[in-house]
Amino acid sequence: MTSVAESTREQIVETALRLFRDRGYEATTMRAIAAEAGVSVGNAYYYFRSKEQLIQAYYDRAQETHEAACREVFAAERSFAGRLGGVLREWVRISEPYHEFAVKFFKHAAEPSNPLSPFSAESAPARESAIALYREVVEGSAGRMDDELREELPELLWLLWMGVVLFWVHDSSPGCARTYRLIDRVVPLVDRLVGLSHLPGIKGVAREVIEVVHELRA
């Protein structure tokens, strides 16, 4: 894609996000997005066949931005807690400009049958990329943990992140301070449980958690 085409594509995405925030997702049409972005309707449809594709493009871009922001965290941190906390905090930081949009859009993403749900087939690329990021959290960590849990942990951490996202959407504190506080409290607890997972008494509990994950996948 040429630089001009990429610039046009980004302009359409940014315009769509602004209109979704200001007018609502349902009330915003592709025609309105094209007009505000300064492109023809045909040109808008050339890049995105639907509003859903615009949101998926936002998901993909947000994931790429998050991955880039985490490189410094991974370079500096070897502890599991440091890596996990850094990844979660970086997501909150880079998502701050879109908090208002997320608050209004969340009801659509929360619908199980909606293709914009993070659990949908359409969201699979962004979801798999996010899980891969949490796999880096795990694989680059120096601490001990149960081997079977290590295999399943990236997806479990992604589910933890989904919980943080839900809390963040409803967080009206200045600078989302309550979300940062949540991360600061939850990460040490997760770190402690993971660090104990190789011990005989805790290993059985870890196996039960893994069995639950396998049942939910089936």
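This is a predicted model, so every value here is computed, not measured.

Let us now look at the environment of S120. Position of S120 relative to the elements: it lies in the loop between α6 (99-109) and α7 (124-139). In contact with S120, not counting residues within four places along its chain, are N114, P115 and R127. Engagement of the side chain of S120 in a polar contact is seen with the backbone oxygen of P115, the distance being 2.6 Å.

Two elements in contact, helix α4 (residues 51-76) and α7, have axes separated by 10 Å at closest approach and are oriented at 10 degrees. Classified by the interaxial angle, the pair formed by α4 and α7 is roughly parallel. Between α4 and α7, the contacting residues are Y59, D60, Q63, H66, E67, C70, R71 and F74 on the first element and A126, S129, A130, L133, E136 and V137 on the second. Split by residue class, the contact of α4 with α7 holds 7 nonpolar, 3 polar and 4 charged.

It is worth spelling out the nonpolar core at this point. Ranked by internal contacts, the top residues of the largest apolar core, which has 33 residues, are F80, L84, Y134, V137, L153, L157 and W161. Elements supplying a minimum of two residues to this core: α4, α5 (80-95), α7, α8 (147-169) and α9 (177-196). Sorting elements by how many residues they give to this core places α8 first, with 10 residues. When residues no more than four places from it in sequence are discounted, the contact partners of Y134 are L84, V87, L88, P154, L157, W158 and W161. Counting 28 residues, the second largest nonpolar core, distinct from the first, contains A32, Y98, F101 and A109.

This part is about the environment of E139. Along the chain, the position of E139 falls in helix α7. The exposed category is assigned to E139, whose relative accessible area is 58%.

Two descriptors summarise a pair of aromatic rings, namely the distance from one centre to the other and the angle between the planes of the rings. Inspection of the entire model under this criterion finds 12 aromatic pairs. Measuring from ring centre to ring centre gives 6.4 Å for F20 and F101, while their planes differ by 25 degrees; the resulting arrangement is stacked. Here the residue F20 occupies a position in helix α1 (residues 3-23), and F101 occupies one in helix α6, the gap between them amounting to 81 residues. Here F20 and F101 have matching classes, each one buried. These aromatic residues form a ring-pair network of at least three members: F20, Y25, Y58, Y59, Y98, F101 and F105. For the cation-ring pair, K51 lies above Y25, with the distance from its terminal atom to the ring centre recorded as 4.5 Å.

Another point: the confidence of the model for the protein chain. Here the protein chain averages 89 in pLDDT, and 98% of its residues register 70 or above. The spread of mean pLDDT over the elements of the protein chain runs between helix α10 (residues 200-217), the lowest at 74, and α5, the highest at 96.

Residues given the UniProt feature "DNA-binding region" (unreviewed entry) here are residues 29-48. Within the segment residues 29-48, helix and strand shares are 75% and 0% respectively, and the terminal C-alpha atoms sit 12 Å apart.

Calculation criteria
Residues numbered from 1 in each chain as written. Predicted model: local features only at pLDDT ≥ 70, side-chain atom pairs only at ≥ 80, totals over all residues. Heavy atoms only, no water. Helix = DSSP H or I, 4+ residues; strand = E, 2+ residues; numbered from the N terminus. Contact = heavy atoms within 4.5 Å. Polar contact = N/O pair within 3.5 Å; in protein donor to acceptor, adjacent residues only side chain to side chain. Axes fitted to C-alpha atoms, helices over the stretch in contact; angles between N-to-C directions. Parallel < 35°, antiparallel > 145°, perpendicular 65-115°, else oblique. Nonpolar A, V, L, I, M, F, W, Y, C, P; charged D, E, K, R; others polar. Core = buried A, V, L, I, M, F, W, Y, C linked by side-chain atoms within 4.5 Å. Buried < 20%, exposed > 50% of the residue type's maximum accessible area, 1.4 Å probe, protein only. Phe/Tyr/Trp six-rings, centres within 6.5 Å; stacked < 30°, edge-to-face > 60°. Lys NZ or Arg CZ within 6 Å of the ring centre and 35° of its normal. pLDDT = per-residue confidence, 0-100. UniProt positions renumbered as here; feature names shortened; annotations may be inferred.

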